[in-house]
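Structural features, examined
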Amino acid sequence: MRRLRNLVISTLIARDLNGDADLDEVVTTVSDFADFVVRTHLQALMQDMVTLHGQPIGEESGEEQDLIVLGMGKLGGRELNVSSDIDLIFCYSEDGETRTDTDQQRSLSNHEFFSRLGKKLIAAISEITADGFSFRVDMALRPNGASGPLVASFAMVEEYFLIQGREWERYAWVKARAVTGKPGHIAVLEKIIHPFIYRRYLDYGVIDSLRSMHAQIRAEVIRQETRHPERSNNVKLGRGGIREIEFLSQVFQLIRGGREIALRDRSTRTTLHTLAAKGILEPAIVTKLLNAYTFLRNVEHRLQYLDDAQTHTFPAREEDQKIIAQMMNCTSTEELLAQLAPYRQFVAEQFDAIFKDKKEREPDGISAATLSDQDAYEVIEAYLISLGFKETQEIVHRLISFWQSSRIQSLSEASRNKMLSLINSALNMIARQTEGQLPTLHRLLDFMEAIARRAAYLALLTEYPHALQRVLRMMSASDWAAKFLTRHPILLDELLDESSLHQLPDWQAFTNDLQQQLEQHHGDTERQMETLREMHHALLFRLLAQDLEGKISVEHLADALSQLADIMVEATIQAVWETIATRHCDRPKFAVIAYGKLGGKELGYASDLDVIFLYDDDHQDAPASYAKLAQRFITWMTSHTPAGILFDIDIALRPDGASGLMVSSISAFARYQEKSAWLWEHQALTRARFCAGDTTIATQFDQIREQVLRQQRDPEKLRMEVISMRKKMSDAHPNRTELFDLKHDSGGMIDIEFIVQFLILQHAHHYPELTENIGNIALLKRCGELRLIDHKMANETANAYRLFRKLQHNIRLQGEERARVTREKIASELLATRTLWNSLFANG
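Residues numbered from 1 in each chain as written. Predicted model: local features only at pLDDT ≥ 70, side-chain atom pairs only at ≥ 80, totals over all residues. Heavy atoms only, no water.

**Describing the overall build of the protein**
When helices and strands are counted, the protein shows 36 helices and 14 strands. For the protein, the C-alpha atoms occupy an extent of roughly 110 × 75 × 60 Å along the three principal directions. The buried share of the protein, taken over its 844 residues, is 54%. Look at the contacts in the protein between residues 6 or more apart in sequence, and 72% of them connect residues 24 or more apart. For the protein, the exposed surface amounts to about 37,600 Å²; the carbon and sulfur share of it is 49%. Distance from the positive charge centre (98 side chains) to the negative charge centre (118 side chains) of the protein: 2 Å. (Helix = DSSP H or I, 4+ residues; strand = E, 2+ residues; numbered from the N terminus. Buried < 20%, exposed > 50% of the residue type's maximum accessible area, 1.4 Å probe, protein only. Contact = heavy atoms within 4.5 Å. Areas by Shrake-Rupley, 256 points an atom, 1.4 Å probe, with all protein chains shown as cover. Lys, Arg positive; Asp, Glu negative; His and termini not counted. Charge placed at Lys NZ, Arg CZ, Asp CG, Glu CD.)

This is how it looks when you write it as structure tokens:
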């Protein structure tokens, strides 16, 4: 084995120096060879041990047990150096004893058996002979390190993680890769490891932990360099070195790996590519980091080629330095160092961008002692006045009650200090607002109280001060936005990159990503429901940010929210169908039809979804299967999970309403619309459209809808029925205030919607273009162009509808349930809509 190692390494070195092998070939070949060495020695030693002591058997399962060898560090990531140690950990599935078949065999406990086997394996791999050694073996990363047992059962590993696992060990175990073992046992072990490494939330607290770890490493390197100046150029642990690139890669794995499985790869290079693909790091930055990584690793290899030693520092002797330079195709050491310097500088800059301590200087402000002092009222008020606050008395009371609340006082001292620092930073920002200081502070403190016990969110706001500025900007602009963020603080992560926050949605990319995420959690209903909510909320939040900064109109926002809902409905239908054990086909012949605001593409942030369910399937199990699909779909949409709900669902518009079947065949729907539907149901049909599911049903639905809307109707009977329905709705929503209700009052939005529906039902028989679902504004203008109503009145009413929607939207952003304004504010618009209404319905 040692001779083979010498042959492999010498051949690899020659290929590398001749330019025939790139970095990937070098590290992959060495890693594959290390795997081969471990497996080959283990197989032979296991046979010997079984011969002496019998086969280890699990106490509970009765299964044969094997030694699982975990490769850690660069071996785990398949990025091993030619002169690296191999970091190993030994595990086995469960305790028990060996099963002996002869009297000559001496039974051992599984723990003793694998302990002896592990010692033999280490000796076989690392023993030095005349031909050298295969690999040096380091077992220091095992639970409890050198003081812990050499091997650990899965139960021991799990207990260690729960009770003693330290933060730096999460970093180390990211690289853990099973080199040996049965696939089933490895899968069980990974289910133990992953919850320890990865958090289900976005873990920004890890930045401070890795910063501390890096500081300790740097301190040790500096200490060594001070004692041995000749070892002062360390390409691995020095400033801008390999370790800093690894930290940059792994910090995002630890932050996001619990939610994004693609970030759980063990390779530094693969992870960097993933970070670029997901937009977490800019692709240009990742390219430079990968170039730096390649250059640094190539230098590291050449340092080790010199004496086959595990070193990362430049040699002291000048002639050795020249050899290294020549191996890097440089004419001199100075040329090599000149090439190396910009790589290290770039790495250091990127490292500091993430890890530089943001708490170097705490802002001046109110101290914890002051907030805790009952007699410090005047001190706090004087400070607030000096900042520029106006309504200081109420602010002082709120600050003191917030700080002295049991929720804040129950925090650790470290969390309270972070909280106070954030409050003081926020006070300085809020004081610069010309208006709305008090409501912004109230909203912020409500938010802070909600996240107080979530250290990861406090860490995020501490590490990224610009995120706090964006939080305050949104809270100042909208009470609804403040409450939404308070309910879903995980969305803080969306505030880190302002450029992506303001990008228009890439719907295809979003759909693909959603599908991929759902497939990754196939079989885990709870996690799939969370994924749907989290991805919906994240994109909605981006649209909200664009809305609050005036970058998107109300109409375009409604289009985007409606398209987002369509995508979520489609994804949910397909995911739910997979959970139905009795399904009789791979893809359901089933469709969701949207009505109301979703149907008309006028969806708001908190709108319900008005839908019905149709199917076209003659299979005997179809009615029951699709009823189950619809029920389960509603459950997935409306259930409260840690991420909230997705949508409220209203199915009252289905044929026969509450007394009707939950799902209808397309033929039954056609018969109902032709023979049994009320006029108001045909009014509702004017805004209906296919939303998700089987597109063949979409075609049939469109044909049915057009046939129904194009029926010839008695104009007078139609007019009277529309007036009657409008009166019922008006009576159901009385307004006893002096203000004008934009939606329900006479001349408001519902009147305009009824006008459009009336015109479609009266004239579509002669003008089929009126059946197009293009929205109320476009349909009003079309009616004007067709001279069905006065052209000027059509445009004025369309403009009124646009204004009413905008006013309603802005009022609801402030958290108001009813959208009401002074009549003077919309007097001319109100005159236009009432004039058009009277021209159509005055005789009623």
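**Focus on the nonpolar core**
If you look at the biggest cluster of nonpolar residues, it comprises 214 residues, and the most contacted ones within it are Met448 and Leu461. Among the elements that line this core, the one with the most residues is helix α26 (residues 554-578), at 13 residues. Listed in part, the 58 residues of the second largest apolar core include Met725, Ala764, Leu780 and Leu840. (Core = buried A, V, L, I, M, F, W, Y, C linked by side-chain atoms within 4.5 Å.)

**Some words on the pairing of strand β2 (residues 68-71)**
With burial as the criterion, each face of β2 is covered, one bearing Ile68 and Leu70 and the other bearing Val69 and Gly71. By the bridge criterion, four bridges tie β2 to strand β3 (residues 86-92) in an arrangement that is antiparallel. Note that in β3 the partner of Gly71 across the bridge is Leu88. Looking at chain direction, β2 and strand β7 (residues 177-178) are connected through two bridges and run antiparallel. From the neighbouring strand, Gly71 faces β7, where its bridge partner is Arg177. (Pairing = 2+ DSSP bridges.)

**Notes on the pattern of salt bridges**
The final tally for this structure, using the stated rule, is 47 salt bridges. Arg805 is the salt-bridge partner of Glu602, the closest N and O atoms lying 3.9 Å from each other. Linking Glu602 in the loop between α27 (596-599) and β9 (609-615) with Arg805 in helix α35 (residues 791-813), this pair joins segments that are 203 residues apart in sequence. Of the residues examined, Glu602 reaches a relative accessible area of 8% and is grouped as buried. By relative accessible area, Arg805 is classed as buried at 10%. A cluster of three or more residues bridged by salt bridges with shared partners is formed by Asp32, Asp35, Arg39, Arg78 and Arg177. (Salt bridge = Lys/Arg side-chain N within 4 Å of Asp/Glu carboxyl O.)

**Brief notes about helix α20 (residues 455-463)**
Here α20 lies mainly inside the structure; eight of its nine residues are buried. Buried within α20 we find Ala456, Tyr457, Leu458, Ala459, Leu460, Leu461, Thr462 and Glu463.

**Focus: helix α33 (residues 749-763)**
In a regular helix each residue adds 1.5 Å, so 15 residues correspond to 21 Å; α33 covers 21 Å between its end C-alpha atoms and thus fits that length. With 14 of 15 residues buried, α33 lies mostly within the body of the structure. (Expected span 1.5 Å × (residues − 1).)

**Observations concerning the packing of aromatic side chains**
In this structure the tally under the stated criterion is 23 aromatic pairs. One aromatic cluster is present, formed by Trp577, Phe590, Phe613, Tyr615, Tyr626 and Phe633 through successive ring pairs. (Phe/Tyr/Trp six-rings, centres within 6.5 Å; stacked < 30°, edge-to-face > 60°.)

**Quick notes on the side chain of Asp85**
Among the secondary structure elements, Asp85 is positioned in the loop between α3 (73-76) and β3. Side chain to side chain, Asp85 and Arg136 meet in a polar contact 2.7 Å long. For Asp85, the contacting residues outside a window of four places in its chain are Leu80, Arg136, Asp138 and Gln310. (Polar contact = N/O pair within 3.5 Å; in protein donor to acceptor, adjacent residues only side chain to side chain.)

**A look at the packing of helix α16 (residues 392-403) against helix α18 (residues 413-430)**
Contact geometry for α16 and α18: axes closest at 12 Å, N-to-C directions at 165°. With respect to each other, α16 and α18 are oriented roughly antiparallel. The crossing of α16 and α18 is right-handed. Residue-level inspection shows Leu399, Phe402 and Trp403 of α16 in contact with α18, the latter providing Arg416, Met419, Leu420, Ile423 and Leu427. For the contact of α16 with α18, the class distribution of residues is seven nonpolar, no polar and one charged. (Axes fitted to C-alpha atoms, helices over the stretch in contact; angles between N-to-C directions. Parallel < 35°, antiparallel > 145°, perpendicular 65-115°, else oblique. Left-handed = near helix turned anticlockwise from the far one by under 90°. Nonpolar A, V, L, I, M, F, W, Y, C, P; charged D, E, K, R; others polar.)

**Focus: the environment of Thr294**
With respect to the helices and strands, the residue Thr294 is situated in helix α11 (residues 283-307). With relative accessibility at 30%, the residue Thr294 sits in the partly exposed group. C-alpha of Thr294 to C-alpha of Ile242: the two residues are 52 residues apart in sequence and 9.4 Å apart in space.

**Looking at the environment of Pro655**
Assignment of secondary structure puts Pro655 in the loop between β10 (649-650) and β11 (663-665). A C-alpha to C-alpha distance of 39 Å links Pro655 and Asp479, two positions 176 residues apart in sequence. Contact partners of Pro655, with chain neighbours within four places excluded, come to Gly660, Leu661, Ser664, Phe669 and Tyr672.

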